[in-house]
Every structure is written in structure tokens, then in C-alpha cells.
Amino acid sequence: MDYQHAIVKFEGDVAVLFCNGCGIKITEGTKHEDREHYCTMCMSGNCKAKFKKGD
């Protein structure tokens, strides 16, 4: 599946979903909804591991 909004990387047959805000691994599976996903820390506004701009 081609993801335009979700950050998903494939490891064999397993699709790993990452946070759109900081990039931490959220979950593994075979399919994920193509929307932006955020970890609980990003959702609360307390995440210190934000993506660097330009990376």
C-alpha cells in the first residue's frame, strides 16, 4: 500500500507505523490507516523529540 500521510516503513511483510511528530515507533502490523498518527507525548504537547526541520 502507498501511504501519503502516515509514516510507514516495511520490514519484510510487517508495516511499522511511526509518529508524524517525533518519529518514534507506534505500532507494527500489516495495514495502517493513511492519516497522520501521533504518539501520546506529541498529542499532549510535551514531546521533546520533535523532527528537526530540514531533515
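Refer to the structure printed above.
Quick notes on the rules
- Residues numbered from 1 in each chain as written.
- Predicted model: local features only at pLDDT ≥ 70, side-chain atom pairs only at ≥ 80, totals over all residues.
- Heavy atoms only, no water.
- Helix = DSSP H or I, 4+ residues; strand = E, 2+ residues; numbered from the N terminus.
- Buried < 20%, exposed > 50% of the residue type's maximum accessible area, 1.4 Å probe, protein only.
- Pairing = 2+ DSSP bridges.
- Axes fitted to C-alpha atoms, helices over the stretch in contact; angles between N-to-C directions.
- Polar contact = N/O pair within 3.5 Å; in protein donor to acceptor, adjacent residues only side chain to side chain.
- Contact = heavy atoms within 4.5 Å.

In this structure, what is going on with the environment of Val 8? I would like to understand it.
Following the sequence through the fold, Val 8 ends up in strand S1 (residues 7–11). Taking the relative accessible area as the measure of exposure, Val 8 reaches 16% and is therefore buried.

Would you mind going over the sheet that holds S1 with me for this structure?
What holds strands together in a sheet is hydrogen bonding between their backbones, with the strands either parallel or antiparallel. On the basis of which strands lie adjacent, the open sheet formed by three strands has the order S1-S2-S3 and antiparallel pairing. Strands with a single pairing partner mark the edges of an open sheet, and in this sheet they are S1 and strand S3 (25–29). Ignoring strand direction, the axes of neighbouring strands in this sheet form an average angle of 25°. Where S1 and strand S2 (residues 14–18) come together, five bridges link them in antiparallel fashion. Within S2, the residue paired with Val 8 across the bridge is Leu 17.

Looking at this model, I keep getting lost on the side chain of His 37. Mind explaining?
As for its position among the elements, His 37 is in the loop between S3 and helix H1 (40–44). For His 37, a relative accessible area of 10% corresponds to the buried category. A distance of 2.9 Å separates a polar atom in the side chain of His 37 from the backbone oxygen of Glu 33. Filtering out sequence-adjacent residues up to four positions away, His 37 remains in contact with Ala 6, Leu 17, Phe 18, Cys 19, Asn 20, Gly 21 and Ile 26.

Note that every value here comes from positions in space, so none of it alone points to a role or purpose.
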